[in-house]
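Next come the chains, spelled out residue by residue.
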Amino acid sequence: MIHIKKNNPWIFYPSVLCDTFPENPATKVISGDHNFQIEMKMTLLETLDNNYTVFTILPKYTGLDIHKNMLFFTVRFEDDSSQFYQFPFAIHDGVEIDLKMIHIPKKQLQIFINEEEQLNLSLKDLGLYIDNNPCIVFGANSFSHVNESSNCTELYLHEFKLYEKKKLLAHHTCDEFIFNKSVDKTGNLNFIHHKILEC
């Protein structure tokens, strides 16, 4: 597992390590014009009395947050508007979350936690935002300038998968590391890494 400590977020942004490596970074599909699916297993270690970001897709903020001991999901749309959705899922320190996010362009966004649907959002009238260089941050709402407003939290990340349609592009079991990077089991070199970079 990856122990993501407070004020030390990890990021899924392989192309930031080198703009030509890997050749086809998996993060490119996390955008409103792609059919993608994200799966992750994690344990939340800090859930009470504050605002925290569990994970977010940047640069256009779309992600899972904790606010007043409840889970909220923020969706950024193609017109740059945002909407917040409260999940009925009960949380506490040590709660285990098996999350699945399914996006079908201009059709639907679904979120499941522990196999229970939390969100089923039609995108027919207004699609998810489109960006050509997105990334995922775990444990904060930013990675380049982490401070008190970054909503940092502490969690264990046990597993992460990213699909484009049915094709598995990245798979992290979070048990093998090289130079502060979690190894992508697919061999596609889509690392999750720890180093905070100025961007």
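Residues numbered from 1 in each chain as written. Predicted model: local features only at pLDDT ≥ 70, side-chain atom pairs only at ≥ 80, totals over all residues. Heavy atoms only, no water.

**Regarding unusual backbone geometry**
Part 1 of the reasoning: Going from Leu58 to Pro59, the amide bond is cis rather than trans, its omega being 10°.
Part 2 of the reasoning: Relative to the elements of secondary structure, Pro59 occurs in the loop between β4 (52-58) and β5 (62-67).
Part 3 of the reasoning: Positioned with a positive phi, Lys106 is a non-glycine residue whose angle comes to about 55°.
Part 4 of the reasoning: As for its placement among the helices and strands, Lys106 is situated in the loop between β8 (96-104) and β9 (108-113). (Helix = DSSP H or I, 4+ residues; strand = E, 2+ residues; numbered from the N terminus.)

**What about the sheet that holds strand β6 (residues 70-76)?**
Part 1 of the reasoning: If you trace the 9 strands from one edge of the open sheet to the other, you get β7-β6-β5-β4-β11-β2-β16-β15-β14, paired in antiparallel fashion. Edge positions in the sheet fall to β7 (82-90) and β14 (177-178), since each of these pairs with one other strand and no more.
Part 2 of the reasoning: Pairing between β4 and β5: 5 bridges, direction antiparallel. The residue bridging Tyr52 from the neighbouring strand is Ile66, located in β5. (Pairing = 2+ DSSP bridges.)

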